[in-house]
Amino acid sequence: MSRSVILAFFSALAVMAVVSGTVEDTIRRVVDALADASFEEWSPTFIETNDKIRGDVLRSTLFIPDISANLSGREDRHKVAAYHIVTERLEYFDLLSKPNQTRLPTLLKDYSIVVTNNSESGFSVNGVLITETEVFADRYIAIHCIASPLDFKTYGRTDS
């Protein structure tokens, strides 16, 4: 075999290795990236790391807190990131169709976000207003902005 055929073969294998990531790999990559990013960077970071070129795409919805919001130094940034990602893609219309008190499962195991106001004029989750809808949406993901970070300790436990 020629050298170029061998190089092409190994190049194809390398691409397949990158593309063959599992959903679990995607979840880990997305949560790690968001945990290391500021809220201002969440949207491009989420889109970049949840990409079909890198592996399985996570159909999901991301709620991004206002960029002026800060976390206390004691918050586990991985838990915060995982809690802001719902495990299904929900455009604004889909969210509005959810009854009050509907629980939306998140990537934080055993925790969910609660729809607390499903009116168009004041839609909120966990008592936090959605300030901008669908800042990004495609076939796989939807991103909405919210007024402040969601508190998984108050609303989040699925068994509560």
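Please refer to the structure higher up on the page.
Residues numbered from 1 in each chain as written. Predicted model: local features only at pLDDT ≥ 70, side-chain atom pairs only at ≥ 80, totals over all residues. Heavy atoms only, no water.

Draft legend 1. Structural context of the overall build of the protein. Across its full length, the protein holds six helices and seven strands. Secondary structure of the protein in N-to-C order comes out as α-α-α-β-α-β-α-β-β-β-β-β-α. For the protein, the computed accessible surface area is about 8900 Å², with 54% contributed by carbon and sulfur atoms. (Helix = DSSP H or I, 4+ residues; strand = E, 2+ residues; numbered from the N terminus. Areas by Shrake-Rupley, 256 points an atom, 1.4 Å probe, with all protein chains shown as cover.)

Draft legend 2. Examining unusual backbone geometry more closely. Residue Q101 is not a glycine yet carries a positive backbone phi of 75°. When you line up the elements, Q101 lands in the loop between α5 (92–96) and β3 (103–105). For Q101, a relative accessible area of 55% corresponds to the exposed category. Positive phi, close to 45°, is recorded for E134, a residue that is not glycine. Along the chain, E134 falls in strand β6 (residues 128–137). (Buried < 20%, exposed > 50% of the residue type's maximum accessible area, 1.4 Å probe, protein only.)

Draft legend 3. Here's a closer look at the nonpolar core. If you look at the biggest cluster of nonpolar residues, it comprises 36 residues, and the most contacted ones within it are W42 and F63. Among the elements that take part in this core, helix α4 (residues 77–83) stands out by supplying four residues, more than any other. Setting aside residues no more than four positions away along its own chain, W42 makes contact with L34, A37, L62, F63, I64, P65, V80, A81 and H84. (Core = buried A, V, L, I, M, F, W, Y, C linked by side-chain atoms within 4.5 Å. Contact = heavy atoms within 4.5 Å.)

Draft legend 4. Representation of helix α3 (residues 42–49) within the structure. Every buried residue of α3 is listed here: W42, S43, T45, F46 and T49. Considered in projection along α3, the buried side chains sweep an arc of 170° and stay on one side of the axis. Residues of α3 that are buried sit in contact with α2 (23–35), β1 (60–65), α4, β2 (85–86) and β7 (141–146). (Arc of directions from axis to C-beta.)

Draft legend 5. Up close: the sheet that holds β2. Reading across the sheet, the seven strands line up as β2-β1-β7-β6-β5-β4-β3 and stay open at both edges, with mixed pairing between neighbours. Edge positions in the sheet fall to β2 and β3, since each has one partner strand and no second. Docked against the sheet, α3 engages β1, β2, β6 and β7, running at close to 160° with respect to β1. (Pairing = 2+ DSSP bridges. Axes fitted to C-alpha atoms, helices over the stretch in contact; angles between N-to-C directions.)

Draft legend 6. Molecular detail of the side chain of N50. Following the sequence through the fold, N50 ends up in the loop between α3 and β1. You can call N50 buried: its relative accessible area is 5%. A polar side-chain atom of N50 sits 2.8 Å from the main-chain amide nitrogen of L58. Those residues in contact with N50 that lie beyond four places of it in its chain are T26, V30, D56, V57, L58, S60 and I141. (Polar contact = N/O pair within 3.5 Å; in protein donor to acceptor, adjacent residues only side chain to side chain.)

Draft legend 7. Representation of the packing of aromatic side chains in the model. Here the structure, examined in full by the defined rule, presents five aromatic pairs. Relative to W42, the ring of F39 has its centre 5.0 Å away and its plane inclined at 90°; by these criteria the two rings are edge-to-face. Each member of the pair, F39 as well as W42, carries the same accessibility label: buried. Through successive ring pairs, a cluster of aromatic residues spans Y83, Y111 and F152. (Phe/Tyr/Trp six-rings, centres within 6.5 Å; stacked < 30°, edge-to-face > 60°.)

Draft legend 8. Spatial organisation of the environment of F152. Assignment of secondary structure puts F152 in helix α6 (residues 152–155). For F152, a relative accessible area of 6% corresponds to the buried category. Each C-alpha atom of the pair F152 and Y111 lies 7.0 Å from the other, and the pair is 41 residues apart in sequence.

Geometry only, nothing functional implied.
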